[in-house]
Amino acid sequence: MDKLLIEGGAALSGEIDVSGAKNAALPVLVAALLTDEPLKVSNVPHLRDVTTMLDLLSGMGVAVSVDEKLGVELAAGRIAEPVAPYELVKTMRASVLVLGPLTARCGEARVSLPGGCAIGLRPVDQHIKGLQAMGAELLIEHGYIIVRARRLKGARICMDLVTVTGTENLMMAATLAHGTTVIENAAREPEVVDLANCLNAMGARVRGAGTDVITVEGVERLHGASYRVMSDRIETGTFLAAAAATGGDVRLTGVRPDVLDAVLEKLRESGAKIETGPDWIALRTNGALNAVNVRTSPYPAFPTDMQAQFMALNSIARGTALVTETIFENRFMHVQELKRLGADIEVEGNTAVVKGVSHLDGATVMATDLRASASLVLAGLIARGATTVERVYHLDRGYERIEEKLSRLGARIKRIR
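Here the structure is a predicted model, which is why all the values come from computation and not from measurement.

K.L.:
Explain the overall build of the protein chain here, please?
P.N.:
Within the protein chain, the regular secondary structure consists of 13 helices and 24 strands. Expected size for 417 residues packed as a compact globule is a radius of gyration near 22 Å; at 21 Å, the protein chain falls within 12% of this value. With the principal axes as the frame, the protein chain shows a C-alpha extent of 65 × 45 × 40 Å. Residue burial in the protein chain is summarised as follows: out of 417 residues, 57% are buried. On the protein chain, roughly 16300 Å² of surface is accessible, and the fraction owed to carbon and sulfur atoms is 47%. One finds the centroid of the 46 positive side-chain charges in the protein chain at a distance of 1 Å from the centroid of its 49 negative side-chain charges.

K.L.:
What should I look at first to understand the packing of helix 8 (residues 233-245) against helix 12 (residues 370-382) in this one?
P.N.:
What describes two packed helices is the angle between their axes and the distance between those same axes. For the pair helix 8 and helix 12, interaxial distance at closest approach is 9 Å and the crossing angle is 20°. Relative to helix 12, the element helix 8 lies roughly parallel. Our pair here, helix 8 against helix 12, has a crossing hand that is right-handed. The residues of helix 12 that touch helix 8, namely those facing Ile234, Thr238, Ala241, Ala242 and Ala245, are Arg371, Ala374, Leu378, Leu381 and Ile382. Split into classes, the residues belonging to the contact of helix 8 with helix 12 amount to eight nonpolar, one polar and one charged.

K.L.:
Can you walk me through the sheet that holds strand 14 (residues 225-228) in this structure?
P.N.:
Backbone-to-backbone hydrogen bonds pair the strands of a sheet. The strands run either parallel or antiparallel. If you walk across this open sheet you meet the four strands as 4-5-3-14, and the pairing is mixed. The open sheet is flanked by strand 4 (63-66) and strand 14, the only strands paired with a single partner. The mean inter-strand angle of the sheet, taken between neighbouring strand axes irrespective of direction, is 15°. Note: strand 3 (residues 39-42) against strand 5 (residues 72-75), three bridges, orientation antiparallel. Among the inter-strand pairings, Leu39 is bridged to a residue of strand 5, identified as Leu74. Helix-sheet contacts for helix 1 (residues 22-30) involve strand 3, strand 5 and strand 14, and the interaxial angle to strand 3 is about 170°.

K.L.:
Help me understand the environment of Glu184, please; the structure alone is not making it clear to me.
P.N.:
As for its placement among the helices and strands, Glu184 is situated in strand 11 (residues 180-184). Considering only alpha carbons, one finds Glu184 and Val162, 22 residues apart in sequence, at a separation of 9.4 Å. Setting aside its immediate chain neighbours within four residues, Glu184 contacts Arg156, Ile157, Cys158, Met159, Asp212 and Val213. A polar side-chain atom of Glu184 sits 2.9 Å from a polar atom in the side chain of Arg156.

K.L.:
Any chance you could explain the pattern of salt bridges here in plain terms?
P.N.:
Pairing of side chains with opposite charge becomes possible as their charged atoms draw close. Taken as a whole, this structure holds 23 salt bridges when the rule is applied. Salt-bridge contacts for Glu235 lead to Lys405; the nearest nitrogen and oxygen are separated by 2.8 Å. On the criterion of sequence distance, the pair formed by Glu235 in helix 8 and Lys405 in helix 13 (residues 402-408) is long-range, its members being 170 residues apart. Lys405 carries the same exposure label as Glu235, and that label is buried. For Arg371, the salt bridge goes to Asp305, with nearest N and O atoms at 3.8 Å. Residue Arg371 is located in helix 12, and its partner Asp305 is located in the loop between strand 18 (294-295) and helix 10 (307-314); the two are separated by 66 residues in the primary sequence. The same class applies to Arg371 as to Asp305, namely buried. When salt bridges with common partners are traced through the structure, they connect Asp2, Asp396, Glu403, Arg415 and Arg417 into a single cluster.

K.L.:
What's the story with the environment of Leu102 in this structure? I'm lost.
P.N.:
Looking at where Leu102 falls in the secondary structure, it is placed in helix 4 (residues 99-106). A residue is classified by how much of its surface remains accessible, and Leu102, at 0% relative accessible area, is buried. For Leu102 and Val147, which are 45 residues apart along the polypeptide, the C-alpha to C-alpha distance reads 9.1 Å. Those residues within four positions of Leu102 in sequence are excluded, and the remaining contacts are Leu33, Met60, Ile79, Pro82, Val83, Gly107, Glu108 and Ala109.

Rules behind the numbers
- Residues numbered from 1 in each chain as written.
- Predicted model: local features only at pLDDT ≥ 70, side-chain atom pairs only at ≥ 80, totals over all residues.
- Heavy atoms only, no water.
- Helix = DSSP H or I, 4+ residues; strand = E, 2+ residues; numbered from the N terminus.
- Rg over C-alpha atoms; globule rule 2.2 N^0.38 Å.
- Buried < 20%, exposed > 50% of the residue type's maximum accessible area, 1.4 Å probe, protein only.
- Areas by Shrake-Rupley, 256 points an atom, 1.4 Å probe, with all protein chains shown as cover.
- Lys, Arg positive; Asp, Glu negative; His and termini not counted.
- Charge placed at Lys NZ, Arg CZ, Asp CG, Glu CD.
- Axes fitted to C-alpha atoms, helices over the stretch in contact; angles between N-to-C directions.
- Parallel < 35°, antiparallel > 145°, perpendicular 65-115°, else oblique.
- Left-handed = near helix turned anticlockwise from the far one by under 90°.
- Contact = heavy atoms within 4.5 Å.
- Nonpolar A, V, L, I, M, F, W, Y, C, P; charged D, E, K, R; others polar.
- Pairing = 2+ DSSP bridges.
- Polar contact = N/O pair within 3.5 Å; in protein donor to acceptor, adjacent residues only side chain to side chain.
- Salt bridge = Lys/Arg side-chain N within 4 Å of Asp/Glu carboxyl O.

Quick look at the structure:
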């Protein structure tokens, strides 16, 4: 099992390009199920979750080809098997995204229930409720969601809670429904907007993406298209936090500063100097950082996927910070590992109290999920001595060649077996 060995103490400096967004790429790839014409997708990150999604689509009969630049072409001329089996869904919960498109295109779908998740429950009841409102018949049998519908019908759907995958699933299903669908209390994340842009490029009629009300006018069919996935805002934020924590000076290119307002504001509050351009962000820090309070909420507020990284940053900042998690009920599993490195953190309910210390010391730590892995890498970069991060396969689900990119910025980091 791979591990990362990190020798801390090096300030990050230099320039790197940020990869495409996993959370945008996955639903865009699934959108290929909505048409019998080829969908060409570029800027797709080379990640474990992307590979799993391509395996899932291929198993349904979608022809998948990848070029030398990691561009993906998907041709779903015929969907032979509208099934998402447990073996794949259990490794990647985003597999549930096929539920809406399969129902809309094939009139049926059989998708395994996702089951548990390390960072907490992620129920699919909003997906089911929305499809039922559109006329689908659903039953749960032997751990599978089974959906049937001759043709979905437009409906007004009010989500009980904000869910990104639920919004994306219903938005895709509605593109081929008869009539108009209105999704209220929709997720506003940039990745939802990216999917809407792709669907519109395929001939869909989606309006309002990026607001809490999305309107989809159903069409008879969608056609093929070429689409470039947006850059990864969480990878961008992670590298910026790493640079700030190490006292670095970095420039990130191929990014979207306009979707990172909450993260950039917190970094400025910590004492980092930040400049931005249309597709780049430059950050530098001088001296110790200031502790910053963080409270996660749906976009455009501070993202839950950056909570762990800011906890690592706060662990060596001046003062005391409160880090409050409101999205997932079990997303503080990195706390015990950070404490192994010398961090002073106490958890009170859904809030972690982080008192900055003068330094962290290297140790062996274990990753429990994707973003926890990133926080431990950040902690290793600022710790004295060597840190070994175990179970880094979590990182490979969301960060493309993270050790290579950090090495180009001067980090002393290598992958070992």
